[in-house]
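Here are the chains, one letter per residue:
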Amino acid sequence: MDTKRHLTEGFHRLRQCDRLSRVKEFCNLTEDEIDTLSGKKAVSLEIAEHLIENVVGYFPIPLGVATNFTIDSRDILIPMAVEETSIIAAASATAKWVRKEGSIRTYSKGRLIIGQVQLPYVRDIGRTRHILHEERETLLEIANTCVPALVSRGGGVSDIAIREVSRSTGDGTMLVLHILCDPCDAMGANMINQICEAMKPHIEDLTSEKVGLCILSNLVDTKLAAAEVVVRNVDPVVGKGIQEATLFAKSDPYRAATHNKGVLNGIDPILIATGNDWRAVESGVHAYAARSGVYQPVTDWYMKGRDLVGNIEVPMSVGTVGGVTRLHPVARVALKMLGVSKAEELARICAAVGLVQNLGALKALATVGIVKGHMQLHAANLAIAAGAEIHEIPKVREKLAEVLRVEKRINLTKAKEILEAIRVSEGSAALF
């Protein structure tokens with residue numbers, strides 16, 4: 001057993017202070033970093049002033065850790081900033097199953113982000129393409145002149161692709177240049193936008209054509225993160241159910257949308273915790289899912305003999321340097337917890353957790369159903385919504401669990417009834 005693995009045993013049953021102590025030891029965090037995670041060391045409003053406009057405060061989101069993940073033979077605690085009940089519990093439980101019975105491996109396909117320079121109305125497609133092809137080296141030099149520091153680190157613009165795109169109005173064809181750039185360990189959004197803008201006047205001078213939009217694309221199919229999960233000796237009934245759930249998603253975009261939301265339940269919280277642009281990744285994932293013209297699931301699960309095999313491949317433009325990842329103290333600690341310094345490593349972990357999160361949801365759907373586990377964890381939320389004080393929440397939650405076992409459902413009305421009964425009972429007891 002890994003010498004640190006014992007630190008996550010029974011993690012969810014520990015007090016919050018004891019969890020922090022174990023995270024500190026597992027991830028080799030300093031006392032100052034623990035104070036940042038716990039909120040004891042408040043994040044300055046001055047930092048917020050540098051992130052957004054019209055700052056009035058912060059909206060805190062709970063930060064937890066998913067346990068039991070062994071990715072590419074490395075034990076990792078996964079920091080997840082999320083408000084939705086059951087995500088971290090499901091990820092941890094499923095990762096424990098995978099670690100016991102199988103494996104998670106990851107890999108990357110490509111390193112390039114995409115900037116788009118649009119020529120919306122092109123009078124002579126052939127002539128313009130020829131000019132752009134002939135001047136390719138000049139355009140590459142202009143592009144890389146904008147980012148000398150990036151080039152010195154081994155990144156920069158490496159190629160320019162030209163696409164013909166029919167105008168949806170039917171009145172001609174636009175040309176779109178794809179500026180392909182290696183951003184190293186940055187997400188690179190600002191860099192690629194600056195590059196595209198800087199190229200605009202030169203392209204107009206060379207072609208005598210008008211340039212329209214200059215902007216990055218979030219569909220980075222040139223920068224994919226992939227993962228594979230194998231779980232050995234799976235109950236054939238469970239495995240068949242998971243396989244059939246995947247088939248449902250492949251056959252019906254209504255189901256595929258919810259299927260992929262489950263994947264992003266695992267990915268988004270990591271991106272938020274590490275200060276990355278989760279909205280950009282989400283848009284890219286959904287666009288990639290629809291690249292065939294029909295919206296599809298981004299994971300695939302199938303039985304191979306007695307083994308269950310799952311795969312994911314998604315566009316993942318993330319960063320470990322610059323922007324919020326550098327400015328926000330919690331994001332810096334989250335990256336240290338993951339033990340990553342390279343953007344590619346972070347992207348691969350995100351893909352792996354997304355795949356495991358998806359497996360947990362499909363396993364629940366194929367066996368006990370999604371409601372049972374989710375509602376058990378949701379009971380605390382109902383207790384709070386009903387108006388329970390901190391000391392009353394465990395009692396209401398326990399009573400709600402009893403109701404769920406019998407009636408198979410719980411709601412806010414029931415939580416309020418239980419809370420009222422508890423208060424009446426305790427009030428009566430106080431009289432004697």
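As the structure is a computational prediction, the values presented were derived from the model and not from experiment.

About the criteria used
Residues numbered from 1 in each chain as written. Predicted model: local features only at pLDDT ≥ 70, side-chain atom pairs only at ≥ 80, totals over all residues. Heavy atoms only, no water. Helix = DSSP H or I, 4+ residues; strand = E, 2+ residues; numbered from the N terminus. Buried < 20%, exposed > 50% of the residue type's maximum accessible area, 1.4 Å probe, protein only. Contact = heavy atoms within 4.5 Å. Areas by Shrake-Rupley, 256 points an atom, 1.4 Å probe, with all protein chains shown as cover. Polar contact = N/O pair within 3.5 Å; in protein donor to acceptor, adjacent residues only side chain to side chain. Pairing = 2+ DSSP bridges. Axes fitted to C-alpha atoms, helices over the stretch in contact; angles between N-to-C directions. Expected span 1.5 Å × (residues − 1). Parallel < 35°, antiparallel > 145°, perpendicular 65-115°, else oblique. Left-handed = near helix turned anticlockwise from the far one by under 90°. Nonpolar A, V, L, I, M, F, W, Y, C, P; charged D, E, K, R; others polar. Phe/Tyr/Trp six-rings, centres within 6.5 Å; stacked < 30°, edge-to-face > 60°. Lys NZ or Arg CZ within 6 Å of the ring centre and 35° of its normal. Salt bridge = Lys/Arg side-chain N within 4 Å of Asp/Glu carboxyl O.

Here we take up the overall build of the chain. Counting its regular elements, the chain contains 17 helices and 10 strands. Counting all 432 residues of the chain, 46% fall into the buried class. Contacts spanning at least 24 positions in sequence make up 71% of the contacts within the chain whose residues lie at least 6 apart. As presented, the chain carries roughly 21800 Å² of accessible surface, and 54% of it is formed by carbon and sulfur atoms.

As a further point, take the environment of aspartate 300. Here aspartate 300 lies in strand β9 (residues 299–304). Overall, the relative accessible area of 24% leaves aspartate 300 in the partly exposed class. Considering only alpha carbons, one finds aspartate 300 and leucine 355, 55 residues apart in sequence, at a separation of 9.2 Å. With near-sequence residues (within four places) excluded, aspartate 300 lies in contact with Thr246, Lys250, Val309, Gly310 and Asn311. A distance of 2.8 Å separates a polar atom in the side chain of aspartate 300 from a polar atom in the side chain of lysine 250.

With that settled, consider the environment of glycine 284. Tracing the backbone shows glycine 284 in helix α11 (residues 278–289). Among the residues examined, glycine 284 registers a relative accessible area of 1% and is labelled buried. Once the C-alpha coordinates of glycine 284 and tyrosine 302 are considered, the two residues, 18 residues apart in sequence, prove to be 25 Å apart. Excluding residues that lie within four positions of it along the chain, glycine 284 makes contacts with Asn218, Leu219 and Pro315.

Attention now moves to the sheet that holds strand β6 (residues 173–182). Taken in spatial order, the 4 strands line up as β5-β6-β4-β7 in an open sheet, and their pairing is antiparallel. The open sheet has two edge strands with one neighbour each: β5 (156–166) and β7 (214–217). When strand polarity is set aside, the average angle formed by the axes of neighbouring strands in this sheet is 30 degrees. Judged from the 10 bridges that link them, β5 and β6 form a sheet pairing that is antiparallel. Looking at the pairing, arginine 163 lines up with valine 176 of β6. On top of the sheet, helix α5 (residues 125–134) reaches β4 (113–119), β5 and β6; it is set at about 20 degrees to β6, its chief contact. On the sheet, helix α8 (residues 189–207) packs against β4, β5, β6 and β7 and is oriented at approximately 30 degrees with respect to β4.

On to the sheet that holds strand β3 (residues 102–109). Strand order in this open sheet of 4 strands is β3-β8-β10-β9, and the pairing throughout is antiparallel. If you trace the sheet from one side to the other, it starts and ends with β3 and β9, each paired once. The average undirected angle you get between the axes of adjacent strands in this sheet is 15 degrees. Two elements, strand β8 (residues 224–231) and strand β10 (residues 307–315), share 8 bridges in a ladder whose sense is antiparallel. Bridging from a neighbouring strand, valine 231 pairs with leucine 308 of β10. On top of the sheet, helix α9 (residues 236–251) reaches β9 and β10; it is set at about 145 degrees to β9, its chief contact. Of the strands in this sheet, β8 and β10 touch α11, which is tilted by about 115 degrees from β10.

Side chains that are three or four residues apart share a direction in an α-helix, a result of its 3.6 residues per turn. Between its terminal C-alpha atoms helix α4 (residues 87–101) stretches 21 Å, which fits the 21 Å expected from 15 residues at 1.5 Å a residue. Three or more residues of α4 are buried, namely Ile87, Ala91, Ser92, Thr94, Ala95, Trp97 and Val98.

Between α9 and helix α14 (residues 343–366), whose axes approach to 9 Å, the crossing angle comes to 110 degrees. Relative to α14, the element α9 lies roughly perpendicular. The handedness of the crossing between α9 and α14 is right-handed. Between α9, through Val238, Gly241, Ile242, Ala245 and Thr246, and α14, the contact on the second element is made entirely by Leu359, Leu362, Lys363 and Ala366. Per-class residue counts for the contact of α9 with α14 are 6 nonpolar, 2 polar and 1 charged.

Let's shift gears to the packing of aromatic side chains. For the structure on display, the rule yields 0 aromatic pairs. A cation over a ring is seen here: arginine 291 above tyrosine 288, with NZ or CZ 3.8 Å from the ring centre. The ring of tryptophan 97 is capped by lysine 363, whose NZ or CZ atom sits 4.0 Å from the centre of that ring.

Another aspect to go through is the pattern of salt bridges. This structure, assessed with the given rule, holds 23 salt bridges. The salt bridge partner of aspartate 182 is arginine 111, with a shortest N-O separation of 3.2 Å. Placement of aspartate 182 in strand β6 and of arginine 111 in the loop between β3 and β4 is noted, with a sequence separation of 71 residues between them. A residue is classified by how much of its surface remains accessible, and arginine 111, at 37% relative accessible area, is partly exposed. Here aspartate 159 ties to arginine 136 by a salt bridge, and the two come within 3.0 Å at their closest N and O atoms. Within this pair, whereas aspartate 159 is found in strand β5, its partner arginine 136 is found in helix α6 (residues 136–145), the two being separated by 23 residues in sequence. Bridged by salt links that share partners, the residues Asp72, Arg111, Asp182, Glu344 and Arg348 form one connected network.

Taken by themselves, the reported measurements are silent on function.
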